[in-house]
Amino acid sequence: MTESSRKLRPFHDDGSTSGSPEDARTGDQTVALPSEAVPVPGPAGEHAGLVVIQGKEIGREYRLKRSRSILGRDEGATVRVLDELVSRRHASLEMVWDAERKVQRIFITDLGSTNRTYVNGEPVRRLELREGDKIRVGDTLLKFVFQDALDSMFHREIRHRIAYDQLTGLLTRESLYAGLELELKRCARYGIPLAVLMMDLDRFKSVNDTHGHLMGSHVLSEVGRLIREGLRSSDISARYGGEEFLAYLSEQGSGDARAAAERIRRGIAAHRFTRTDPEGRTTSLGITISIGISLFPRDGAGLEALVAAADRALYLAKEEGRNRVRGA
């Protein structure tokens, strides 16, 4: 049987079968099974998945659980990639049961994407994936893998270390920016308000100079917790750098944003930051925070404009005496 005469019959969510074999590496006749009948691919205890090895969400793992998954930027995509160069429905990933070999085969098919789908550096229309293959969509590179529970745990830990600031427990600036870019598009599409909070601890340098960097780290860690407690669970906050913090509040106008900022400001001002060193000496101090607020779309339509407006408002709060909330 020649390569061109081999037939593949991938299962689709609507029950139909289709697909061209011309880009497949191998192609013995296959049969399709509904998703509930699809056995676990790979060795016992392992699952097929994609791991982001380059891009905004480096370290993120996507498990391939369905007979057909959509990779793209669309909110409904099974494998949603936060990359502006990725099409809304960029590619599909199909699991096909090979009855003769008794193995699961996984194919990737480009769905007419603007910037094409690449596997190991070559553009593809349809291709059977092998373990270790590297898939590039836009500026994002994903690796096709079979993983067990320990592998998954490792990648989750790597992603957590990349996405979160280890001292404060808040997101890193880069991770917050990735989410804010997408959220602003949603807000623009549906006319939803959004607020950005830029926060900076007042006279924090004196804490390090007077009490040492270990006390300074303790203060930052506690401030991260107090910021989380002052916000809703749906609000997103990050350590912006040093003693600066950033948050965005979806579906919040001026009044709600100011109320949230005041909760944070009051919570930090009322808190005693206490630490006991290994020699048993206890240090206790108070500190305050200044907060600037910008609003979408009033103060800007894009991420940079909103952050800059909130930063200007923060500067005014500092100029007006610190320990206060100021709008743009």
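Right, let's walk through the structure included here. Fair warning: this is a prediction, and the values are worked out from it, not measured in the lab.

Looking at the overall build of the protein
Scanning the protein from N- to C-terminus turns up 6 helices and 19 strands. Split into buried and exposed, the 328 residues of the protein put 48% on the buried side. Looking at the protein alone, contacts between residues at least 24 apart form 57% of all its contacts between residues at least 6 apart. Element-wise, carbon and sulfur atoms account for 49% of the exposed surface of the protein, whose accessible area totals about 16100 Å².

Re the sheet that holds strand S9 (residues 126–128)
Pairing within the open sheet is mixed, and its 5 strands lie in the order S4-S3-S5-S6-S9. At either margin of the open sheet sits one strand with a lone partner, and together these are strand S4 (79–80) and S9.

A look at the packing of aromatic side chains
Per the counting criterion, the structure on display carries 1 aromatic pair. Considering the side-chain rings of Phe144 and Phe146, the 5.5 Å spacing of their centres and the 70 degrees angle between planes classify their relative orientation as edge-to-face. Residue Phe144 is classed as buried on the basis of its relative accessible area of 1%. Using a relative accessible area of 16% as the deciding quantity, one classes Phe146 as buried. The ring of Tyr240 carries the charged tip of Arg173 above its face, separated from the ring centre by 4.8 Å.

With respect to the packing of helix H2 (residues 173–190) against helix H6 (residues 303–319)
Their axes nearest at 10 Å, the elements H2 and H6 cross at an angle of 110 degrees. Of the possible angle classes, the one that applies to H2 and H6 is roughly perpendicular. Touching Tyr177, Leu180, Glu181 and Leu184 of H2 are Leu303, Leu306 and Val307, all from H6.

Some points on the pattern of salt bridges
With the rule as written, the count across this model stands at 22 salt bridges. In this structure, Lys318 and Asp200 form a salt bridge, with 2.7 Å as the shortest nitrogen-oxygen distance. With Lys318 in helix H6 and Asp200 in strand S13 (residues 194–201), the pair connects residues that are 118 residues apart, well separated along the chain. Across the pair Asp209 and Lys205 runs a salt bridge, and its minimum N-O distance is 2.7 Å. With Asp209 and Lys205 both in helix H3 (residues 204–211) and 4 residues apart, the pair spans about one turn of that helix. Residue Asp209 shares its accessibility class with Lys205, and that shared class is exposed. Salt bridges linked by common partners bring Asp98, Arg101, Arg105 and Glu128 together as one network.

Cut-offs used in this document
Residue indices begin from 1 for each chain and proceed along its sequence in written order. Given that the model is predicted, a residue must reach a pLDDT of at least 70 before its local features are reported, and side-chain atom pairs must reach 80 or more before they are shown or counted; all residues, however, enter totals for whole chains, interfaces and linings. The basis for every side-chain value is the complete set of non-hydrogen atoms in the structure, without hydrogens or water. The helix and strand labels rest on DSSP assignments: H or I over at least four residues marks a helix, E over at least two residues marks a strand, and numbering proceeds from the N terminus. Whether a residue is buried, partly exposed or exposed follows from its accessible area with a 1.4 Å probe, protein chains only, as a fraction of its type maximum: under 20%, in between, or over 50%, in that order. Residue contacts are defined here by distance: any two heavy atoms, one from each residue, within 4.5 Å place the two residues in contact. The protein chains shown are the only cover counted for residues, whose accessible areas, like all others here, come from Shrake-Rupley with a 1.4 Å probe. When DSSP finds two or more bridges between two strands, those strands count as paired. Only Phe, Tyr and Trp rings take part, Trp by its six-membered ring, and two of them pair if their centres are within 6.5 Å. Stacked means planes under 30 degrees apart, edge-to-face means over 60, and tilted covers everything else. Note on criteria: charge over ring means Lys NZ or Arg CZ within 6 Å of the ring centre, with the direction from the centre no more than 35 degrees off the ring normal. Angular values range over 0 to 180 degrees, each being the angle between N-to-C directions of two axes fitted as lines to C-alpha atoms, with helices fitted over their stretch in contact. Should an angle lie under 35 degrees it is considered roughly parallel, over 145 roughly antiparallel, and from 65 to 115 roughly perpendicular; all remaining angles are considered oblique. By convention in these notes, a salt bridge is any Lys or Arg side-chain nitrogen within 4 Å of a carboxyl oxygen on Asp or Glu.

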